[in-house]
Amino acid sequence: MDIQNESRRLLDAEDGDEDLTGLMSEQDAYLSKVKNRNLYLATFVSVLGPMSFGFVLGYSSPAIPELTSISDPRLRLDANQASWFGSIVTVGAAAGGLLGGWMVERFGRKLSLMFCSLPYVFGFTMIIAAQNVWMLYVGRVLTGLASGVTSLVVPLYISEMAHERVRGTLGSCVQLMVVLGIMGAYLGGLYLDWRWLAICCSIPPTLLMVCMCFMPETPRFLLSQGKRREAEEALRFLRGPDAPIEWECARIEDACNEEGSRFQMSDLKDPGVYKPVMIGVMLMIFQQMTGINAIMFYAENIFEQAHFKESDLASVIVGLIQVIFTGVAALIMDRAGRKILLIISGVAMAISTTAFGVYFYLVSKNHPPTLGLLVLDIQSTAGEEPHADLAWLALASMAVFITGFALGWGPIRG
């Protein structure tokens, strides 16, 4: 069908009012015929990946206290092993980020998502069937590998699949599902032991792998491979039967043709290139230096060492606050702007980490650490004033709330 004729047909009102339709742009006329049901379905399926990522981040927090006190000596973790169990996932995530960049270009967005669900499932299966500490490590590395691929592929899949009117809203679902996964792991830890929790954590990636079989590849990738007919079928699935998808297909082709050559190191000489790159890289570096991964991996241990009787419940509260403020940030982001939210969350994180630092300093002076760990009792010890403990708990409680608030407004992707 001729694209000019199609555009002309879009601008004709179905009720014959040509003057009113003439005021609409081609894009508005096109989007007025789009049905988003299948688009929302495909987005929901894809964000099962970030939810799985969140379960990986949050799993170690409730699992480590159990594994450090388990009766089986083959699985019992000492302080160093517990530290590795939480942090080794980042090794896999770093490798997964590099692997994901190659996979999306080689296999496409859909297959990359399906493939990355396999290390999730295999990793949690390895943890479930673990007979020694090294099996636990391997399971964490595999889930970290899948997390690295997921953090790259899912935002790309959604951005290439969604149209302009809902792209920002659907993109914010990625971070929301990450924090929902973290809270889910913390909440599951209240009622399940570490093996059953791993079984529950393997459910979202399993659903991801199965459901992605019925979802389309992104039209942009298909067109970049010269598969126009498949791209039109994908657009027809995503936009509904009434949308004249030839118009959008032509726009995507034009955008692909305008991209030009690949990025080269010589491009960094251009201020329009190296300035945004430097800002983005520094933001990511400072994001990691906030210690977010340490808080997520060892939340329950941190609160246990910070005088909380119900450290598992405190972790759930942090997760809940994260979810709330991530949702709030998604709603006000376009109105308030990205910069102001980054500034607010950065200041809040500075206050919260300072409060935690002061709290642990006061605790260490009055409760010397034993065997490298702070073994604390909520009751005031002999010779101490009770109000001192209450003051420290108030300080820590404030830090809990501010931490959850800041992590909800600031990006926490590992």
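Conventions we followed
- Residues numbered from 1 in each chain as written.
- Predicted model: local features only at pLDDT ≥ 70, side-chain atom pairs only at ≥ 80, totals over all residues.
- Heavy atoms only, no water.
- Helix = DSSP H or I, 4+ residues; strand = E, 2+ residues; numbered from the N terminus.
- Buried < 20%, exposed > 50% of the residue type's maximum accessible area, 1.4 Å probe, protein only.
- Contact = heavy atoms within 4.5 Å.
- Areas by Shrake-Rupley, 256 points an atom, 1.4 Å probe, with all protein chains shown as cover.
- Core = buried A, V, L, I, M, F, W, Y, C linked by side-chain atoms within 4.5 Å.
- Patch = residues over 30% accessible without salt bridge, like charges linked within 9 Å, V, L, I, M, F, W, Y side chains within 5 Å.
- Salt bridge = Lys/Arg side-chain N within 4 Å of Asp/Glu carboxyl O.
- Phe/Tyr/Trp six-rings, centres within 6.5 Å; stacked < 30°, edge-to-face > 60°.
- Expected span 1.5 Å × (residues − 1).
- Bend = angle between axes of the 7 residues up to and from the residue.
- Polar contact = N/O pair within 3.5 Å; in protein donor to acceptor, adjacent residues only side chain to side chain.
- Axes fitted to C-alpha atoms, helices over the stretch in contact; angles between N-to-C directions.
- Parallel < 35°, antiparallel > 145°, perpendicular 65-115°, else oblique.
- Left-handed = near helix turned anticlockwise from the far one by under 90°.
- Nonpolar A, V, L, I, M, F, W, Y, C, P; charged D, E, K, R; others polar.
- Disulfide = S-S within 2.5 Å.
- pLDDT = per-residue confidence, 0-100.

(A) Seen up close, the overall build of the chain. Looking only at helices and strands, the chain features 21 helices and 0 strands. By residue count, 46% of the 414 residues in the chain fall in the buried class. Restricting to contacts in the chain with at least 6 residues of sequence separation, those with at least 24 account for 78%. For the chain, the accessible area works out to roughly 20,800 Å², and carbon and sulfur atoms hold 64% of it.

(B) Here's a closer look at the nonpolar core. Ranked by size, the top nonpolar core spans 72 residues in total, and within it Y59, F85, L136, W194 and M212 carry the most contacts. Look past the residues within four positions of W194 in its chain and what remains in contact with it is Y59, A63, E66, L67, I70, L75, I127 and L136. Core analysis: the next-biggest nonpolar cluster, separate from the first, contains 14 residues, L31, L222, A231 and C249 among them.

(C) Region of interest: a nonpolar patch on the surface. A cluster of nonpolar residues, Y274, V277, M278, V281, M282, M284, I285, F286 and M289, forms a patch on the protein surface that exposes about 820 Å² of accessible area. Taking the relative accessible area as the measure of exposure, M284 reaches 47% and is therefore partly exposed.

(D) Expanded view of the packing of aromatic side chains. Going through the model one piece at a time under the given rule, you end up with 6 aromatic pairs. Measuring from centroid to centroid gives 5.4 Å for W102 and F107, while their planes differ by 90 degrees, and the two rings are edge-to-face. Of the residues examined, W102 reaches a relative accessible area of 49% and is grouped as partly exposed. Judged by its relative accessible area of 28%, F107 falls in the partly exposed class. Residues F297 and Y298 carry aromatic rings whose centres are separated by 6.2 Å and whose planes lie at 85 degrees to one another, so their mutual orientation is edge-to-face. Look at Y298 and you get buried, because its relative accessible area is 17%.

(E) Quick peek at helix α9 (residues 133-161). An ideal rise of 1.5 Å per residue puts 42 Å on 29 residues; α9 measures up with 42 Å between its terminal C-alpha atoms. Helix geometry: α9 is bent most strongly at T150, by close to 30 degrees. Where α9 begins, one side-chain oxygen reaches toward the backbone nitrogen of W134, 3.1 Å away; that side chain belongs to N132.

(F) Spotlight on the pattern of salt bridges. For the structure on display, the rule yields 9 salt bridges. Put simply, K35 and D242 hold a salt bridge, and the shortest N to O gap is 3.9 Å. Placement of K35 in the loop between α3 (26-31) and α4 (37-46) and of D242 in the loop between α14 (228-239) and α15 (245-258) is noted, with a sequence separation of 207 residues between them. The residue R109 makes a salt bridge to E160 at a minimum N-O spacing of 2.7 Å. In this pair, R109 is assigned in helix α8 (residues 109-128) and E160 in helix α9, connecting sequence segments 51 residues apart. Given the relative accessible area of 13%, E160 is considered buried.

(G) Quick peek at the packing of helix α5 (residues 48-67) against helix α6 (residues 79-87). One way to put it is that α5 packs onto α6 with a least axis distance of 10 Å and a crossing angle of 160 degrees. If you check the angle between α5 and α6, you find them roughly antiparallel. In the crossing of α5 with α6, the sense of the turn from one axis to the other is right-handed. Of α6, the residues touching α5 (which contributes Y59, S60, A63, I64 and L67) are A82, F85 and G86. Along the lines of polarity and charge, the residues of the contact of α5 with α6 split into 6 nonpolar, 2 polar and no charged.

(H) Quick peek at the packing of α5 against α8. Close contact between α5 and α8 brings their axes to 12 Å; oriented N to C, the two are set at 30 degrees. Relative to α8, the element α5 is oriented roughly parallel. The element α5 and its partner α8 pack so that their crossing is left-handed. Every residue of α8 that contacts α5 at G49, S52, F53, V56 and Y59 is listed here: Y120, F124 and I127.

(I) View of the state of the cysteines. This model, assessed by the stated rule, comprises 0 disulfides. No disulfide involves C200; its sulfur sits 7.0 Å from that of C201, the nearest cysteine. Taking the relative accessible area as the measure of exposure, C200 reaches 31% and is therefore partly exposed.

(J) View of the side chain of S311. Within the secondary structure layout, S311 lies in helix α19 (residues 311-336). When its relative accessible area of 8% is taken as the criterion, S311 is described as buried. Excluding anything up to four places from it in sequence, S311 contacts E300, F303 and E304.

(K) Main features of the environment of G291. Turning to its location among the elements, G291 is positioned in the loop between α16 (271-289) and α17 (292-297). C-alpha of G291 to C-alpha of T353: the two residues are 62 residues apart in sequence and 9.0 Å apart in space.

(L) Examining the confidence of the model for the chain more closely. Looking at the chain, the pLDDT average stands at 80 and 80% of residues meet or exceed 70. Per-residue pLDDT, averaged within each element of the chain, yields its smallest value for helix α2 (residues 18-22) (44) and its largest for helix α11 (residues 194-201) (96). In this model, residues 13-23 is a region of pLDDT below 50 whose contacts with residues beyond four sequence positions or in other chains number 7 contacts. Per-residue pLDDT stays below 50 along residues 369-393; that stretch engages in 36 contacts with residues further than four places along the chain or on separate chains.

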